[in-house]
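Secondary and tertiary structure notes
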Amino acid sequence: MSLRHALLGLLCDTPQNGYDLTKRFEVTLSSHAWNAGHSQIYPELKRMLADGLIEVVDEGSRGSKVYGVTEAGREELRRWMFSPLGETPPRNEFVLRLFMLSSLEVPDVKVLVDRMAGTSDARVAELDRVIKELDGAAEAGHAQGYARYAAEFGRRYFALQRDWARWVVEQMDQGAAGSPGGTV
């Protein structure tokens, strides 16, 4: 995934300025999918403008520009959405730590995996709250939108991590794991 595609996706919802895009990243994407700050977003908007993927649709106070997606931008986002998932290198810190468990002593593995379960459980609780808000908005006559699907995926993903971590601790407590040993 690239920042470019994330911005195109956000701009497909509604035209926005750089400040609004930065805030939407903070609220929706940063903790679950993609992290980008002001210093990355503004230069990418300039490149996207030069590439014809977005256009200035309005100018706000103090010269702020409101960007909208062009047809070329929609086509690029669609091309990326249908490209195979394996085209970008995977980055998953949780899985990386799993590969490195053998570098720790058994008591440390148990502590770390227990922390992983707790962190994942907190994320599940946070997403349960978000889902409840989205469902409440839908009941009030506002469409849930695709954010509900993404929130549900996140909740299930973190529930899987939590359940796996608890299973590992249980296995280690029962002695089934014995001395993990081995290497990556």
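What you see is a predicted model; the values in this text were computed from it and never measured.

Compared with the 50 Å implied by 1.5 Å per residue over 34 residues, the 49 Å span of helix H6 (residues 106–139) between its first and last C-alpha is a close match. Residues of H6 that are buried include every one of Val 109, Val 113, Met 116, Ala 117, Ser 120, Arg 123, Val 124, Leu 127, Ile 131 and Leu 134, and no others. Against helix H5 (93–99) and helix H7 (147–173) lie the buried residues of H6. Positioned one or two residues after H6, Gly 141 has a phi angle of 100°, which is positive.

Turning to the packing of aromatic side chains, a few remarks are in order. Overall, the coordinates contain two aromatic pairs when judged by the stated rule. Summarising the aromatic geometry, the rings of Phe 153 and Tyr 157 are spaced 6.1 Å apart at their centres and angled 20° between planes, so their arrangement reads as stacked. Pair noted here: Phe 153 and Tyr 157 are both in helix H7, with a separation of four residues, about one helical turn. When the centroid spacing of 5.3 Å and the interplanar angle of 80° are considered together, the rings of Tyr 157 and Phe 158 count as edge-to-face.

Judged by side-chain polarity, Val 95, Leu 96, Phe 99 and Met 100 come together as a nonpolar surface patch covering roughly 350 Å² of accessible area. Residue placement: Val 95 occurs in helix H5. Relative accessible area serves as the criterion here: at 34%, Val 95 is assigned to the partly exposed category.

Our next topic: the nonpolar core. Side chains of a nonpolar character, in soluble globular proteins, are inclined to be buried together. Leu 7 and Leu 45 are the most contacted members of the largest nonpolar core, which has 16 residues in total. Elements represented by at least two residues in this core include exactly helix H1 (3–13), helix H2 (18–29), helix H3 (38–50) and strand E3 (65–69). The dominant element in this core, judged by the number of residues it contributes, is H1, at six residues. Setting aside anything within four residues of it in sequence, one finds Leu 45 in contact with Leu 7, Leu 11, Gly 18, Leu 21, Ile 54 and Tyr 67. Membership of the second largest hydrophobic core comes to 10 residues, among which are Leu 101, Val 113, Val 168 and Met 172.

With the rule as written, the count across this model stands at 15 salt bridges. The salt bridge partner of Arg 166 is Asp 121, with a shortest N-O separation of 3.3 Å. Here Arg 166 is found in helix H7, whereas its partner Asp 121 is found in helix H6, with 45 residues between them in sequence. Classification of Asp 121 by relative accessible area gives partly exposed; the value is 29%.

On to the confidence of the model for the chain. Scored by pLDDT, the chain has a mean of 83; 83% of the residues are at 70 or more. When pLDDT is averaged over each element of the chain, E3 comes out on top at 95 and H2 at the bottom at 77.

Next up on the list: the sheet that holds E3. Sheet architecture is open: three strands sit in the order E1-E3-E2, paired in antiparallel fashion. Two strands close off the open sheet at either side, each with one partner strand: strand E1 (16–17) and strand E2 (54–59). Alignment of E2 against E3, held across five bridges, turns out to be antiparallel. Counterpart to Glu 59 in the pairing with E3 is Lys 65. The sheet contacts of H1 involve E1, E2 and E3, and relative to E3 the element is tilted by about 95°.

To continue, consider the environment of Val 169. With respect to the element layout, Val 169 can be found in helix H7. As a C-alpha pair, Val 169 and Lys 110 span 59 residues in sequence and 5.9 Å in three-dimensional space. Setting aside residues no more than four positions away along its own chain, Val 169 makes contact with Lys 110, Val 113 and Asp 114.

The rules behind these values
- Residues numbered from 1 in each chain as written.
- Predicted model: local features only at pLDDT ≥ 70, side-chain atom pairs only at ≥ 80, totals over all residues.
- Heavy atoms only, no water.
- Helix = DSSP H or I, 4+ residues; strand = E, 2+ residues; numbered from the N terminus.
- Expected span 1.5 Å × (residues − 1).
- Buried < 20%, exposed > 50% of the residue type's maximum accessible area, 1.4 Å probe, protein only.
- Contact = heavy atoms within 4.5 Å.
- Phe/Tyr/Trp six-rings, centres within 6.5 Å; stacked < 30°, edge-to-face > 60°.
- Patch = residues over 30% accessible without salt bridge, like charges linked within 9 Å, V, L, I, M, F, W, Y side chains within 5 Å.
- Areas by Shrake-Rupley, 256 points an atom, 1.4 Å probe, with all protein chains shown as cover.
- Salt bridge = Lys/Arg side-chain N within 4 Å of Asp/Glu carboxyl O.
- Core = buried A, V, L, I, M, F, W, Y, C linked by side-chain atoms within 4.5 Å.
- pLDDT = per-residue confidence, 0-100.
- Pairing = 2+ DSSP bridges.
- Axes fitted to C-alpha atoms, helices over the stretch in contact; angles between N-to-C directions.

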